[in-house]
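# Structural features, examined
The primary structure of each chain is shown beneath.
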Amino acid sequence: MTGFIIALYSDSFLRFKVRDIYLLSTFNKIEFIGKDFFFFNNVSYYIATAVTFLILYLANSTSTIVLFLKNSFIAVFIFIITLLALSAIDANLKLIQCTACDDGIKELKRNDINYSLLILSALFASIIPSLILLIKNRNKSGWVIKNKRNSD
């Protein structure tokens, strides 16, 4: 539930930050035009954010508070770095594709950016360490049934 609420409140904030990354990474060679009509993001964004927080919680449910905060910080750091990198690469690729730009400035509509893909990719990258930790904890506690070979 916490992940879904965070997704609702962070949605427009992340959209603005992605646009800022587009501008900064291209040295303001992209200009956003038109009005920003945006009501809600893709449903997969809300589900993925909720699942991300659930996995982070499950992976660290038996950890100390310090370890939980450390792993949360690592997940947020990976999310930010991945979002920065993917947005910068996408912005520069859009700029490279522009062959008839006035003064080298590419005009983009605000909704021409695939925000869902960028954010979902960053969410997936940020949860990988927690998934590894969850699998390790699962194997330690004996959740996995070991395959016994019948030798004749």
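Our subject is the structure listed above.
Values in this document were obtained by computation on a predicted structure and should not be read as measured data. Each residue is numbered by its place in its chain's sequence as written, counting from 1. Selection of residues for local features in this predicted model requires a pLDDT of at least 70, selection of side-chain atom pairs for listing and counting requires 80 or more, and totals for whole chains, interfaces and linings are taken over all residues. As a rule here, side-chain values cover all heavy atoms of the structure and leave hydrogens and water aside.

## Re the pairing of strand β2 (residues 106-109)
Burial of the side chains of β2 is restricted to one face: Lys-106 and Leu-108 are buried, whereas none of Glu-107 and Lys-109 on the reverse face is. In this description, strands pair whenever DSSP reports at least two bridges between them. Strands are runs of DSSP state E lasting at least 2 residues, helices are runs of H or I lasting at least 4, and numbering of each runs from the N terminus. As defined by bridge partners, strand β1 (residues 30-33) adjoins β2 across four bridges and the pair is classed as parallel. From the neighbouring strand, Glu-31 faces β2, where its bridge partner is Glu-107. In this scheme, a residue with accessible area under 20% of its type's maximum is buried, one over 50% is exposed, and one in between is partly exposed, where area comes from a 1.4 Å probe on protein chains only.

## Observations regarding the packing of aromatic side chains
Each pair of aromatic rings taken from Phe, Tyr and Trp, with Trp reduced to its six-membered ring, is defined by centres within 6.5 Å and is described as stacked if the planes are under 30 degrees apart, edge-to-face if over 60, and tilted in the remaining cases. Taken as a whole and judged by the stated rule, the model has three aromatic pairs. With 6.4 Å between their ring centres and 55 degrees between their planes, Tyr-22 and Phe-32 make a pair best called tilted. Placement of the pair is Tyr-22 in helix α1 (residues 2-25) and Phe-32 in strand β1, with a sequence separation of ten residues. Between Tyr-45 and Tyr-46, the ring centres sit 5.2 Å apart and the planes meet at 70 degrees, which makes this aromatic pair edge-to-face.

## Re a negative patch on the surface
In this analysis, a patch consists of residues with relative accessible area above 30% that form no salt bridge, clustered at 9 Å for like charges and at 5 Å for the nonpolar side chains Val, Leu, Ile, Met, Phe, Trp and Tyr. Each accessible area value is a Shrake-Rupley result obtained with a 1.4 Å probe; residue values ignore everything except the protein chains displayed when judging cover. By salt bridge we mean one thing: a side-chain nitrogen of Lys or Arg within 4 Å of a carboxyl oxygen of Asp or Glu. When charges are counted, Lys and Arg are positive and Asp and Glu negative, with His and the chain ends excluded. Positions of charges follow a simple convention, taking NZ of Lys, CZ of Arg, CG of Asp or CD of Glu. On the surface, a cluster of negative charge is made up of Glu-31, Asp-102, Asp-103 and Glu-107. Relative to the helices and strands, Glu-31 is located in strand β1.

## As for the side chain of Thr-52
Assignment of secondary structure puts Thr-52 in helix α2 (residues 43-59). With relative accessibility at 12%, the residue Thr-52 sits in the buried group. Only heavy atoms matter for contacts: two residues are in contact if any of them lie within 4.5 Å across the pair. Excluding its chain neighbours within four sequence positions, the residues that come into contact with Thr-52 are Leu-123, Ser-126 and Ile-127.

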